[in-house]
Each structure stands twice: as structure tokens, then as C-alpha cells.
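Summary of structural features
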Amino acid sequence: MSILSRVDDYLHAAPLSGATGQQVGPFTLFRSTTIWPYYARPIPGSGATIEPGDVEKVRARNDELGLPFSLEWVVDTCPSLGPAAAAAGLEVREHPLLVLDRADFKPVTAAVECAILPTAESVLREARAVASVGFGTPGTAIGDGGTEARDANLAEISDETAAALLERAQAGISITAGAYDHRGMLASGSHQPVGDATEIVGVATLPAMRRQGLAAAVTSCLAEHAFANGIDLVLLSADSDAVAAVYERVGFHRIGSVGAAEPAPK
């Protein structure tokens, strides 16, 4: 099996930890069983050529179920979906898709502590707050969001969200790492194992703490944990080429692109 096929299979299996799948034409529509919404994906290995009408059918089914509508896919295994989604009026984006081979792994450390976090609600809340602040200011540039912004966001995390984070951590569905010092957590991220593959997701640094190697150190910590626990395929998608360069420090290399599409904002 090619590496792209393995990645596609993983990305199709991973949502089932928090959703049920329903076939709609050439798509699987993932209906969330958690507090977070999911999306539809083309069925791996089908070889189907996606038409705008296929996109409209799955959108109609989303509407029937009262679900937010979005699509995700591996561009290289389903090249027809991007043009079909655009023709159906969706906004289409592509992002670098990268994988890490064990032999290419380059452990990275930072000037602060970096470790896999315990499955404690308070710690997971703080990691979530870091991610919220970091993704609120995308990119790699140094910004204004620091520990005060993290603490303000921490107070806004609902008990429902905290409970869902804890449940996934306790089930081993999501393993979280953090970089921290006396000021608390400064960067965080997770990996989500399914079988012998995992995806690193949600790596974020407080904008005021960027350009110190924290995101690379968190990614390295997660990859090391994955390899130590029987994983032999580690993948991720990056927001941009600049963000991908952070992961390349750890040994990731690009194998293709992932696509995402959703209705344009009104």
C-alpha cells in the first residue's frame, strides 16, 4: 500500500472515535457524537470522479440532519473534488501534507520543559486555552497574545468542553504535550493514534512566545511518544509552507496536499 493510501485510510478512520459514518454517494458523512462537528470525506480507494452534483447531494443531507457542512480530502488521491467543490460554490483551500519516517526523526528541544501531559482536567484546560489563543492569531509571527490572554481564555472554556477533552485523553484517543515554565503552559499539541498510525494536530504557541522553537519541541515530544508506543506512521497537515518549515525541523517531509472546503461566509 502506498504512503498516500495509508494516510487516506487513517484520515477516514480517525473521525470514528467521535462520529458515526454514513455513505452519501461517493462520500462518507461523519455525524458527530461529541461536542465538535465533523465533515464529509470521499471514500478511500473508490477511484470515483467527484462531480458538483455529488457535492450538492452530500450538502443536502447535511442540511436534512441540521449539520454544519464542510469537506476534507487528500488532494492527491481525489484530485476531482477540489474543482467539483469550487463549481458547487464552496471555498476551497489546500494545505501541505507531511509525514515523518522513524529514520528521519530529529529530536528537538527548547529552553523550557516539554513533556506529555497527564490526563488531568486542569492541565487539559490550559492546553486548550493555549491552542485557542495561538490559533486566534495564525501564522508564525510574534504577536501580542501571551499568558494573560491564555488565562483569560481559560476562564471561558466550558465544563462540557473540558469533560470531552478529558474523556478522549482517558480513552487514549488523544495524547497531549505541552511546553511550559514558571509562567505555565506556552505551547501545546496532540496526537491521535489509530492502529499503527497517528496524526499530530493542534500544535500552537502563544503568539508572544513564538520564534523560540516551542512548536518544534512539542511536535518532537509527540512524535517520540508515538514511536515509543508502536506507531510507525506519523502525519500532519500544515496551514502554510511557513508552518510546514517548523515541522521539517523535526524530520517531516511533504508527500502531497490536503483539501478543505466549506460554504463562503455570508
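Going by the structure above, here's the rest.
We now turn to the structure provided with this report. (Residues numbered from 1 in each chain as written. Predicted model: local features only at pLDDT ≥ 70, side-chain atom pairs only at ≥ 80, totals over all residues. Heavy atoms only, no water.)

Here the focus is the overall build of the protein chain. From N to C terminus, the protein chain includes eight helices and 11 strands. Taken against the 2.2 N^0.38 rule, which gives 18 Å for 266 residues, the C-alpha radius of gyration of the protein chain at 18 Å falls within 12% of a compact globule. Overall, the protein chain is about 55 × 40 × 35 Å in size when its C-alpha atoms are taken along their principal axes. The buried share of the protein chain, taken over its 266 residues, is 48%. For the protein chain, long-range pairs separated by at least 24 residues make up 73% of all intrachain contacts whose partners lie at least 6 apart in sequence. Approximately 12100 Å² of the protein chain is accessible, and the part contributed by carbon and sulfur atoms is 50%. Averaged over its 19 positive side-chain charges, the protein chain has a centre that lies 1 Å from the centre of its 32 negative ones. (Helix = DSSP H or I, 4+ residues; strand = E, 2+ residues; numbered from the N terminus. Rg over C-alpha atoms; globule rule 2.2 N^0.38 Å. Buried < 20%, exposed > 50% of the residue type's maximum accessible area, 1.4 Å probe, protein only. Contact = heavy atoms within 4.5 Å. Areas by Shrake-Rupley, 256 points an atom, 1.4 Å probe, with all protein chains shown as cover. Lys, Arg positive; Asp, Glu negative; His and termini not counted. Charge placed at Lys NZ, Arg CZ, Asp CG, Glu CD.)

On to unusual backbone geometry, then. In the Ramachandran plot, arginine 211 falls in the positive-phi region, its phi being about 65° despite a non-glycine side chain. In this structure, arginine 211 sits in the loop between strand 9 (197-205) and helix 7 (214-228). Arginine 211 sits in the exposed class, given a relative accessible area of 62%.

This paragraph deals with the pattern of salt bridges. Summed over all chains, the structure comprises 12 salt bridges. Residue aspartate 232 pairs with arginine 6 through a salt bridge whose shortest N-O separation is 3.0 Å. Highlighted residues: aspartate 232 in the loop between helix 7 and strand 10 (233-237) and arginine 6 in helix 1 (residues 3-13), separated in sequence by 226 residues. By relative accessible area, arginine 6 is classed as partly exposed at 23%. Here glutamate 262 ties to arginine 93 by a salt bridge, and the two come within 3.9 Å at their closest N and O atoms. (Salt bridge = Lys/Arg side-chain N within 4 Å of Asp/Glu carboxyl O.)

All right, on to the nonpolar core then. In terms of nonpolar packing, the biggest core is built from 37 residues, with Leu100, Ile200, Val234 and Phe252 touching the most fellow members. The set of elements that each furnish at least two residues to this core consists of strand 5 (90-100), helix 4 (121-136), strand 7 (175-181), strand 8 (184-194), strand 9, helix 7, strand 10 and helix 8 (241-248). Here this core gets nine residues from one element, more than from any other, and that element is helix 7. Counting residues in hydrophobic clusters, the runner-up holds 19 residues, among them Ile50, Leu71, Ala85 and Ala88. (Core = buried A, V, L, I, M, F, W, Y, C linked by side-chain atoms within 4.5 Å.)

Applying the stated criterion across every chain yields a total of four aromatic pairs. A centroid spacing of 6.1 Å and a plane angle of 70° characterise the contact between phenylalanine 30 and tyrosine 39, whose relative ring orientation is edge-to-face. Overall, the relative accessible area of 3% leaves phenylalanine 30 in the buried class. Judged by centre distance (5.9 Å) and plane angle (55°), the rings of tyrosine 38 and tyrosine 39 are tilted. (Phe/Tyr/Trp six-rings, centres within 6.5 Å; stacked < 30°, edge-to-face > 60°.)

Okay, the pairing of strand 2 (residues 27-32) next. A regular strand places its side chains on the two faces of the sheet in alternate fashion. Across six bridges, the pairing between strand 1 (residues 19-24) and strand 2 is antiparallel. Bridge assignment links valine 24 to a residue of strand 2, and that residue is phenylalanine 27. The turn linking strand 1 back onto strand 2 is made up of two residues, and glycine 25 within it adopts a positive phi angle of 60°. Relative to strand 3 (residues 40-42), strand 2 runs antiparallel, the two being bridged by three bridges. Each bridged residue has a counterpart across the sheet, and for phenylalanine 27 the counterpart in strand 3 is proline 42. (Pairing = 2+ DSSP bridges.)

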